[in-house]
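Here is how the chains run, residue by residue.
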Amino acid sequence: MKAILEVQELCKYYDKTIAVNNISFTVSEGICLGLLGPNGAGKTTTVEMIEGIKEPSSGDILYRGEKRDKTFSQVAGIQFQSTAMFSFLTVKETLKLFHSLYAHTSSIEQLIETCDLHDFIDKYTTKISGGQKQRLLLALALINNPDIVFLDEPTTGLDPQSRRHFWQVIKQIKQQGKTILLTTHYMEEAEYLCDQLLIIDKGQVIAEGSPEHLLKSHFNYNYICLDASLKTQTQLEELGVKFVMGDQIEIYSNNIEFTLQQLIQHNINLNSLRVRSPTLEDLFIKLTGSTLRD
Amino acid sequence: MKNFLALLVARNKEYYRDKGALAWSFIFPIFIIMAFTFAFSDNQPTIFKIGVLQPTDVNTTADKLPKVLQADYIQQLPFDDLDKALSRIKHHQIDLLFDIQKKQYWINKRSSAGQALEVLLSTDSRQYHKQVIEGKEIRYVDWAMPGVLGMNLMFSALFGVGFVIVRYRKNGVLKRLQATPVTALEFLAAQVISRLCVIITVVTIIYIGCDLFIDFLMIGNYWLLYVIAFLGGFSMISFGLVLTSRTESEELAGGLLNFASFPMLLLSELWFALDSAPNWLIGISQLLPLTHTVQAAREVMINGATLADISHHLWALTFMCIIFLFIASMLFRWYRE
């Protein structure tokens with residue numbers, strides 16, 4: 001697929017702190033690329049350099065094979081992590097304001113429909129809920145009918161129902177052929193929405209690829225989970241099985257059937273037995289030794 | 001232009017829908033009018049004022065003045081410009097003008113204080129040549145009125161835009177606008193023009209209100225007064241933009257804006273003239289936009305000055321508008337990294 005965005009050896013320094021350290025990646029047109037990483041990993045800085053909000057210390061960013069110019073803001077839709085709007089303007093007035101700032105735009109009525117803004121369209125932007133605000137910010141990101149959309153942790157702080165609704169809207173945007181760059185630390189969100197992932201930690205890319213590819217390449221085992229107890233822990237140690245002890249015991253197994261037989265033979269209590277596949281969270285812990293939300 | 005107009009409309013809506021801010025904008029002038037009316041309900045001077053021509057040093061001059069005019073209750077004001085001094089006596093701002101070298105003095109025949117000083121002078125053994133001048137009294141309230149208007153204009157210009165910019169920067173509105181095709185100049189121009197509309201409206205209200213209660217002097221052209229208010233407001237808004245071009249701290253912005261407003265309050269001849277101040281202080285005052293605004297307005301209101309008469313003030317204000325706006329646009333940051 002044709003690359004819409006190429007990031008080459010991107011760096012950002014603040015005095016002696018390195019926020020982004022030599023990051024390179026390519027984004028194909030029409031996909032949803034997820035940037036994952038814990039807080040302070042450099043995701044937002046990377047995205048804001050691509051958006052043109054921050055100046056890179058070094059490196060190149062190419063849009064459709066060429067360096068970005070002032071027209072990039074006409075084709076890019078941006079939803080920041082946290083932004084206030086003009087006070088004392090209604091949602092509809094805010095949409096009209098941003099609508100008038102661009103040369104090519106989407107229909108306001110269509111955006112109201114897509115982002116489900118009907119219920120609060122005449123309310124002041126300061127009087128709407130967190131979920132409603134995120135929907136408005138998404139509508140503003142789409143108001144110029146962008147080719148590429150940047151969504152920086154768009155569902156943070158939303159209740160599960162609002163988050164699900166948001167995901168549906170993002171799916172719709174994707175179906176329109178738009179390219180999406182999504183930063184998130186919700187694994188479920190990344191798995192549901194993203195075609196490609198870029199895992200960033202301490203300003204560097206530590207893994208990239210599709211979710212399936214990443215999991216397959218880093219895990220050749222599944223997890224057998226049991227309730228944590230001292231007795232079970234002792235029994236497993238005697239058995240010589242590889243496991244981790246946290247809130248529960250997680251046994252690494254590349255042959256579930258064989259491992260279960262071993263556990264039964266040694267009379268280990270299996271009342272709480274649960275088998276699960278590795279997740280992106282596991283991947284991140286494996287790669288960095290910390291959880292995504294640390 | 002489309003972006004500028006959209007932002008101008010948005011800012012104006014934001015302003016007039018903020019009921020608290022809007023109410024204050026109209027209540028504040030009422031307070032000023034009330035305070036002003038109360039303060040100047042009795043404006044009798046407590047001392048006599050004598051203008052002394054061609055002084056090189058106040059003390060030296062005082063030594064040469066007739067002894068009868070050297071009493072503690074007589075304030076001496078040196079003048080090196082005869083026209084300026086005559087204007088003052090014409091408008092009763094000084095009670096008597098004395099030229100030591102030519103041994104002559106001027107009094108306003110309508111001034112009772114001047115006549116009292118003349119009686120006092122007649123007790124001196126030497127003879128002085130009398131010159132009579134005529135002119136309507138300029139009360140202190142007439143003299144101070146441009147200062148009241150100027151002060152309101154300054155606070156509204158400096159704080160009205162400065163704090164809004166800092167708030168926008170702090171809560172991310174500027175960052176959001178940076179992601180659009182809006183340029184810094186379009187954004188700043190919209191803020192300046194929006195605030196100018198507010199300033200001109202509020203200053204007009206104060207003017208009309210004060211005129212109803214106090215009936216102060218206004219000889220010149222009203223449109224000229226609007227030109228002064230426009231340029232004065234523009235220059236001080238631009239000055240406010242320079243001060244708040246980068247910070248996102250409201251505390252720092254408040255400190256900087258106060259730091260800028262105090263010298264203007266003291267040195268821009270709002271409440272008292274700087275006639276007897278050292279030259280270096282007068283020089284500093286000429287660098288302040290409020291000084292030119294107030295002096296130009298005063299010349300129009302009291303002396304009926306024409307556009308040509310106050311052109312030097314208008315050029316100075318225009319120059320400051322350009323310089324401040326240029327510096328503000330160079331320093332301006334949408335948000336602090």
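The model shown is predicted, which means the values in this text are computed figures rather than measured ones.

A. The environment of F31 of chain B, seen in detail. All names here are of chain B. Among the secondary structure elements, F31 is positioned in helix α2 (residues 19-39). Judged by relative accessible area, which is 44%, F31 ranks as partly exposed. Along the backbone, F31 and T293 are 262 residues apart, and their C-alpha atoms lie at a distance of 22 Å.

B. Local environment of the side chain of D201 of chain A. All names here are of chain A. Within the secondary structure, D201 sits in strand β9 (residues 196-201). Despite its burial, D201 pairs with no opposite charge; the closest candidate is K202, at 4.7 Å N-O. D201 has contacts with P38, A41, I206, F284 and T288, leaving out every residue within four places of it along the chain.

C. Summary view of the confidence of the model for chain B. When pLDDT is averaged along chain B, the result is 83; 92% of the residues meet or exceed 70. Per-element mean pLDDT across chain B ranges from 55 in helix α3 (residues 58-64) of chain B up to 93 in helix α9 (residues 222-243) of chain B.

D. The arrangement of the sheet that holds strand β3 (residues 32-36) of chain A in detail. Residue and element names in this part refer to chain A. The strand order β6-β7-β8-β3-β9-β10 describes an open sheet built from six strands, whose pairing is mixed. Where the open sheet ends on each side, the last strands, each with one partner, are β6 (76-79) and β10 (204-209). For this sheet, the mean inter-axis angle between neighbouring strands, taken without regard to orientation, is 15 degrees. Bridging between β3 and β9 involves four bridges; their strand directions are parallel. What sits directly across from L33, in β9, is Q196. Where helix α1 (residues 43-51) meets the sheet, it contacts β3, β6, β7 (148-152), β8 (179-184) and β9, and its direction lies at approximately 150 degrees from that of β8. In the packing of helix α6 (residues 160-175) onto the sheet, contacts are made with β3, β6, β7 and β8, and the angle to β8 comes to roughly 150 degrees.

E. Quick look at the interface of chain B and chain A. Contact with chain B, which involves 24 residues of that partner, is made by 28 residues of chain A. When the two sides are added together, the surface that chain B and chain A hide from each other amounts to roughly 2400 Å², 60% of it contributed by carbon and sulfur. The tally of links from chain B across to chain A stands at three salt bridges. For E93 of chain A, the salt bridge is made with R17 of chain B, and the minimal N-O distance between the two is 2.5 Å. Viewed at the interface, chain A and chain B are joined by nine residue pairs in polar contact (both at pLDDT 80 or more). For the side of chain B that touches chain A, the secondary structure elements donating two or more residues are α1 (2-17), α6 (140-171) and α7 (173-178) of chain B. Top element by residues in the side of chain B that touches chain A is α1 of chain B. It accounts for eight residues. When grouped by side-chain class, the residues that make up the side of chain B that touches chain A number 10 nonpolar, five polar and nine charged.

F. Highlighting the packing of aromatic side chains. Summed over all chains, the structure comprises 21 aromatic pairs over all chains. For the pair F98 of chain B and Y128 of chain B, a centre-to-centre distance of 5.1 Å together with 65 degrees between the ring planes defines the contact as edge-to-face. Placement of the pair is F98 of chain B in strand β3 (residues 96-99) and Y128 of chain B in the loop between α5 (112-121) and β5 (129-133), with a sequence separation of 30 residues. The class of Y128 of chain B is buried, set by a relative accessible area of 14%. Ring-pair connections join several aromatic residues into one group, and the members of that group are F86 of chain A together with Y168, F187, F332 and W334 of chain B. One residue, R276 of chain A, lies across the ring of Y223 of chain A, its end atom 4.2 Å from the ring centre.

G. The arrangement of the packing of α6 of chain B against helix α12 (residues 289-303) of chain B in detail. Residues and elements named next belong to chain B. One can describe the packing of α6 onto α12 by two numbers: an axis separation of 9 Å at closest approach and a directional angle of 140 degrees. Judged by the angle between their axes, α6 and α12 are oblique. When the axes of α6 and α12 are compared, the crossing they make is right-handed. For the pair formed by α6 and α12, the contact residues are D142, W143, A144, M145, P146, G147, L149, G150, M151 and M154 on the first element and L290, V294, A297, R298, M301 and I302 on the second. For the contact of α6 with α12, the residue count by class is 12 nonpolar, two polar and two charged.

H. Quick look at the layout of surface pockets. Here the largest pocket is characterised by a volume of approximately 1000 Å³. Taken together, 32 residues form the lining of the largest pocket, with G52, I53 and E55 of chain A together with Q178 and W334 of chain B sitting closest to its centre. Broken down by secondary-structure element, the contributors of at least two residues to the lining of the largest pocket are β4 (58-63), α2 (72-75) and β6 of chain A. Among the elements that line the lining of the largest pocket, the one with the most residues is β4 of chain A, at three residues. In the lining of the largest pocket, the residues fall into 13 nonpolar, seven polar and 12 charged.

Criteria and thresholds
Starting from 1, residues in each chain are numbered consecutively following that chain's sequence as written. All chains are assigned letters beginning with A, and all ligands numbers beginning with 1, in the order in which they are written. In view of the model being predicted, local features appear only for residues whose pLDDT reaches at least 70, and side-chain atom pairs are presented and counted only at 80 or more, with totals across whole chains, interfaces and linings using the full set of residues. To obtain the side-chain values, all non-hydrogen atoms of the structure were used and water was disregarded. Secondary structure is summarised from DSSP: a helix means a run of H or I of at least four residues, a strand means a run of E of at least two, and numbering begins at the N terminus for each. Only protein chains enter the area calculation, which uses a 1.4 Å probe; residues under 20% of their type maximum are buried, those over 50% are exposed, and those in between are partly exposed. Charged residues are defined here as Lys and Arg on the positive side and Asp and Glu on the negative side; His and the ends of the chain fall outside this count. By definition, a salt bridge exists where a carboxyl oxygen of Asp or Glu is found within 4 Å of a side-chain nitrogen of Lys or Arg. Whether two residues are in contact is decided by their heavy atoms, any of which lying within 4.5 Å being enough. Per residue, pLDDT measures the predictor's confidence, with a range of 0 to 100. The criterion for strand pairing is that DSSP finds at least two bridges linking the strands in question. Here an angle of 0 to 180 degrees is reported between the N-to-C directions of two axes, which are lines fitted to C-alpha atoms, with helices fitted over the stretch in contact. For any pair of parts, buried area is found by adding up, for both, the accessible area (1.4 Å probe) each one loses once the two are put together. The definition of a polar contact used here is a pair of N or O atoms within 3.5 Å, where within protein one atom must be able to donate a hydrogen and the other to accept one, and adjacent residues in sequence count solely through side-chain atom pairs. Ten residue types, Ala, Val, Leu, Ile, Met, Phe, Trp, Tyr, Cys and Pro, are classed as nonpolar, four, Asp, Glu, Lys and Arg, as charged, and the remainder, Gly among them, as polar. Stacked, edge-to-face and tilted labels apply to pairs of Phe, Tyr and Trp rings (six-membered ring for Trp) whose centres lie within 6.5 Å, assigned for plane angles under 30 degrees, over 60, and everything in between, in that order. Counted as over-ring charges are cases with an Arg CZ or a Lys NZ within 6 Å of the ring centre that also lie within 35 degrees of the ring normal. Convention used here: angles under 35 degrees read as roughly parallel, angles over 145 as roughly antiparallel, angles from 65 to 115 as roughly perpendicular, and any remaining angle as oblique. Two helices cross in a left-handed way if the nearer one is turned anticlockwise from the farther one by less than a right angle. They cross in a right-handed way if the turn is clockwise. A 1.4 Å probe that fits but cannot get out identifies a cavity on a 1 Å grid over protein atoms alone, an open set with protein on both sides within 12 Å along at least five of seven lines counts as a pocket, and a residue lines either if it has an atom within 4 Å of a point. Grid points are joined across faces, edges and corners, and a volume is the space filled by probe spheres set on the points.

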